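Inside the fold
Read off the chains here:
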Amino acid sequence: MKEQVRVRFAPSPTGHLHIGGARTALFNWLYARHHGGTFILRIEDTDRTRSTDAYIEAITQGMHWLNLDWDEGPFRQTDRFAVYRSYVERLLQEGKAYHCYCAVEELEQRRQLALAQGRPQKYDGRCRDLKEAVPGRVPVVRFRTPQQGETVVDDLIRGRVVFDNSQLDDLIILRSDNSPTYNFTVVVDDVDMRITHVIRGDDHLNNTPKQIHIYKALGYEIPKFAHLPMILGADKTRLSKRHGATSVMAYEEMGYLPEALTNYLVRLGWSHGDQEVFSREELIRFFSFENVGNAAAVFNPEKLLWLNQQYIIAAAPGRLAELVVPFLAKQQIITEGQALDMAWLARAVKTLQERAKTLGELASSLRYYIAEEITFQEKAQEKFLNEKSLPLLKDLKEALAACADFSHAGLEPVFKGVVEKHGVKLGAVAQPVRVAMTGGTESPGIYEVLEVLGKEKTLQRLEKAILSIG
RNA sequence: GUCCCCAUCGUCUAGCCCGGCCUAGGACAUCGCCCUUUCAAGGCGGUAACGCGGGUUCGAAUCCCGCUGGGGACGCCA
């Protein structure tokens, strides 16, 4: 029987869910779903000074937004300290770990010295064979890392990576405050949670040999590893705040659709021939490490924006109408709690959706549909609401007043009538009307605009425009 | 500095594993044209890349070595 796939996403709650973390989560999720496996969420909060509950909340919220559902967890490492300590105890008893009494400052000093002298910065092992405790000092526990031979990481993406054990040092597994450290807790948890595939960022590749030694010391089977290429900013350095929005929630606030973000993220490092747009089902069906590249990728906001637009164009107007409401409120186009005719809003959205790259843009373009009063843009007014267009507008208003069918089909002949009577091009009528209706020169097709606005508002705005000329 | 990883258009990438089909394909961005009541969307076309040097081979983007460049890790962070 084939081994059941179990993977995990293990963020530390020291910040929001960021782009890089989201992609790691996504790849884990895809791998689990592709194989019908289990996706586990584990919170690595052993650094108690930097971890907060608020960030745990933020991370799970981000994952919910992205639709990355987990099957087990969230587990918190702080709930498992007793477990880790028992493992530490075991290693201590077996002589595979030892107490180290070196002070933080001393270690830092030695590191600086090593750096200055161009030597490798590694712990010199001076407490390795200590027989007695050092009085007045609270020790840490270090793992006794084998110094001979080499360790091979068989990575699903990188292939075979060999490390010389002599470069590895004795890492601290239990701090002086009795709390365990990352490289130790990952191993213990991955063993306890029966993780079969460790899928994480490239930055962990160097930790892997250390962890492999811990697996071996504990006598456990080593899982498969897959190290994902990093995501870099435009300057090719690690993605950080300097590169602008890195928190996933910031993208929600800017009006991105979660499926657009996940689609973009998955294409950073993964491909399926020439295909750019994928449904969730396709992603799950096609996903495989074989198509994951090994080079780091630069995050390109413009392509994300394009993808978002593609998803907005394809989205159901009704859904977009629901999603756009908070943006309308934020932009004060509606007041908090204002009742909206959602069916009407969906119709309005439909005329605008292929013109919006974000929900924010969609909201602002909705303004003239919703507002009671519109204001004319100065240049637009000068150019189109003048003596030249006045007779056109007057005639059109009269014809429209008599028009019973305010649909595209009903409106078109009315406009055509005015156009023919005056011997002008459609644009000569459409542009002034556009300004009259929207205040500006850009909008959906003029018939669509009138259709959404309705007869009453149309006539009102026409009247206002006519008056503004006189 | 030491170790590890990486290297195709500005960017994301296909091709590389299993050399010839590659005068290197797609997408974003950009430029031009078309469509057109405006703006979009859409269509068509253009500019644009195998980092360098050595091998191996009849033949290399594809295999090997070196260099260069970039990234990452070297924490009582994860």
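Residues numbered from 1 in each chain as written. Chains lettered and ligands numbered in written order. Predicted model: local features only at pLDDT ≥ 70, side-chain atom pairs only at ≥ 80, totals over all residues. Heavy atoms only, no water.

This part covers the overall build of chain A. Across its full length, chain A carries 18 helices and 12 strands. Here the C-alpha radius of gyration of chain A, 31 Å, is well above what a compact globule of 470 residues would show, namely 23 Å. Based on the C-alpha atoms only, the size of chain A along its principal axes is roughly 105 × 50 × 40 Å. Per-residue burial over chain A gives 50% buried out of 470 residues. A total accessible area of about 22,800 Å² is found for chain A, and carbon and sulfur atoms account for 51% of it. Taken together, the 59 basic and 61 acidic charged side chains of chain A have centroids lying 4 Å from each other. (Helix = DSSP H or I, 4+ residues; strand = E, 2+ residues; numbered from the N terminus. Rg over C-alpha atoms; globule rule 2.2 N^0.38 Å. Buried < 20%, exposed > 50% of the residue type's maximum accessible area, 1.4 Å probe, protein only. Areas by Shrake-Rupley, 256 points an atom, 1.4 Å probe, with all protein chains shown as cover. Lys, Arg positive; Asp, Glu negative; His and termini not counted. Charge placed at Lys NZ, Arg CZ, Asp CG, Glu CD.)

Attention shifts here to the sheet that holds strand S8 (residues 172-174). In space, the three strands of this open sheet follow the order S4-S5-S8, with antiparallel pairing throughout. A single partner strand is all that each edge strand has here, and the edge strands are strand S4 (97-100) and S8. Pairwise comparison of adjacent strand axes, ignoring direction, gives a mean angle of 45 degrees for this sheet. Strand direction decides the pairing type here: S4 and strand S5 (residues 140-143), joined by four bridges, are antiparallel. Residue pairing for S5: His 99 is matched across the bridge by Val 141. (Pairing = 2+ DSSP bridges. Axes fitted to C-alpha atoms, helices over the stretch in contact; angles between N-to-C directions.)

For the rest of this paragraph, the subject is the domain arrangement of chain A. Many authors give the size of an interface as the accessible area that is lost as the parts come together. Segmenting chain A into domains produces domain 1 (1-74 + 229-314), domain 2 (81-228), domain 3 (315-371) and domain 4 (378-469). The centre of domain 2, based on its C-alpha atoms, is set 75 Å off from the matching centre of domain 4. (Domains from an automatic or database assignment.)

All right, on to the packing of helix H11 (residues 317-330) against helix H13 (residues 359-370) then. A pair of packed helices is captured by two measures, namely the crossing angle of their axes and the spacing between those axes. In the contact formed by H11 and H13, the axes pass within 9 Å of each other and the chain directions differ by 85 degrees. The angle between the axes of H11 and H13 places the two elements in the roughly perpendicular class. In this structure, H11 uses Leu 320, Leu 323, Val 324, Phe 327 and Leu 328 to contact H13, whose residues at the interface are Leu 359, Gly 360, Leu 362, Ala 363, Leu 366 and Ile 370. Across the contact of H11 with H13, the residue classes break down as 10 nonpolar, one polar and no charged. (Parallel < 35°, antiparallel > 145°, perpendicular 65-115°, else oblique. Contact = heavy atoms within 4.5 Å. Nonpolar A, V, L, I, M, F, W, Y, C, P; charged D, E, K, R; others polar.)

Tallying each qualifying case throughout the model produces 12 aromatic pairs. Ring centres 6.2 Å apart and planes at 65 degrees place the aromatic pair Tyr 251 and Phe 299 in the edge-to-face group. Within this pair, whereas Tyr 251 is found in helix H7 (residues 248-254), its partner Phe 299 is found in the loop between strand S12 (297-298) and helix H10 (301-314), the two being separated by 48 residues in sequence. Arranged with centres 6.4 Å apart and planes meeting at 75 degrees, the rings of Phe 278 and Phe 286 form a pair that is edge-to-face. In this structure Phe 278 comes out as buried when scored by relative accessible area, which is 2%. By way of ring pairs, the aromatic residues Phe 27, Tyr 31, Trp 270, Phe 278, Phe 286, Phe 287 and Phe 289 are connected into one cluster. In this structure, Arg 142 is placed above the aromatic ring of Tyr 123, and the distance from its NZ or CZ to the ring centre is 3.4 Å. Sitting over the ring of Trp 29, Arg 280 keeps its end group 4.6 Å from the ring centre. (Phe/Tyr/Trp six-rings, centres within 6.5 Å; stacked < 30°, edge-to-face > 60°. Lys NZ or Arg CZ within 6 Å of the ring centre and 35° of its normal.)

Time to look at the protein's contact with RNA strand B. The immediate surroundings of RNA strand B are formed by 61 residues, with Thr 46, Arg 175, Glu 354, Arg 355 and Arg 434 found nearest. Across the atoms of RNA strand B situated within 4 Å of the protein, the share located in sugar and phosphate is 69%. In this structure, a sugar or linking oxygen belonging to RNA strand B sits 3.0 Å away from a main-chain N or O atom of Arg 267. For RNA strand B, a phosphate oxygen lies 2.9 Å from a polar atom in the backbone of Val 298. Residue composition of the surface near RNA strand B, by class: 20 nonpolar, 22 polar and 19 charged. (Near = heavy atom within 4 Å. Polar contact = N/O pair within 3.5 Å; in protein donor to acceptor, adjacent residues only side chain to side chain.)

All right, on to the nonpolar core then. Among the nonpolar cores identified, the biggest contains 108 residues, and Met 63, Leu 366 and Tyr 369 are the most heavily contacted of them. If you tally residues by element for this core, the top one is helix H18 (residues 446-469), at 11 residues. Filtering out sequence-adjacent residues up to four positions away, Met 63 remains in contact with Phe 9, Leu 17, Ala 25, Phe 39, Leu 41, Leu 68 and Trp 70. Ranked by size, the runner-up nonpolar core spans 30 residues in total, among them Ile 40, Ala 97, Leu 171 and Ile 195. (Core = buried A, V, L, I, M, F, W, Y, C linked by side-chain atoms within 4.5 Å.)

All right, on to the pattern of salt bridges then. On inspection of all chains with the given rule, the structure shows 32 salt bridges. Across the salt bridge formed by Arg 128 and Asp 170, the nearest N and O atoms sit 2.7 Å from each other. On the criterion of sequence distance, the pair formed by Arg 128 in the loop between helix H4 (104-116) and S5 and Asp 170 in the loop between strand S7 (159-164) and S8 is long-range, its members being 42 residues apart. The class for Asp 170 is buried, based on a relative accessible area of 4%. A salt bridge links Glu 276 to Arg 267; the shortest N-O distance between them is 3.2 Å. Through salt bridges that share partners, Arg 8, Arg 42, Glu 44, Arg 80, Asp 189, Asp 190 and Asp 192 make up one connected network. (Salt bridge = Lys/Arg side-chain N within 4 Å of Asp/Glu carboxyl O.)

To continue, consider the packing of helix H8 (residues 258-266) against H10. Two numbers describe how H8 lies on H10: the axes approach to 9 Å, and their chain directions differ by 135 degrees. Relative to H10, the element H8 lies oblique. Viewed along their axes, H8 and H10 form a crossing whose handedness is right-handed. Between H8, through Glu 259, Ala 260, Leu 261, Asn 263 and Tyr 264, and H10, the contact on the second element is made entirely by Lys 303, Leu 304, Leu 307, Asn 308 and Tyr 311. The class makeup of the residues in the contact of H8 with H10 is six nonpolar, two polar and two charged. (Left-handed = near helix turned anticlockwise from the far one by under 90°.)

Let us now look at the side chain of Thr 196. Note that Thr 196 resides in the loop between helix H5 (182-192) and strand S9 (197-201). Relative accessible area serves as the criterion here: at 10%, Thr 196 is assigned to the buried category. Looking at Thr 196, its side chain comes within polar contact range of the main-chain nitrogen of Arg 6, at 2.9 Å.

Note that the residue after Gly 73, namely Pro 74, is joined by a cis bond; omega there is 5 degrees. A positive phi is found at Asn 67, a non-glycine position, where the angle reads about 65 degrees. Along the polypeptide, Asn 67 turns up in the loop between helix H2 (53-65) and strand S3 (72-76). The phi dihedral of Gln 332 falls on the positive side, at around 55 degrees, and the residue is not glycine. Its place among the elements puts Gln 332 in the loop between H11 and helix H12 (342-352).

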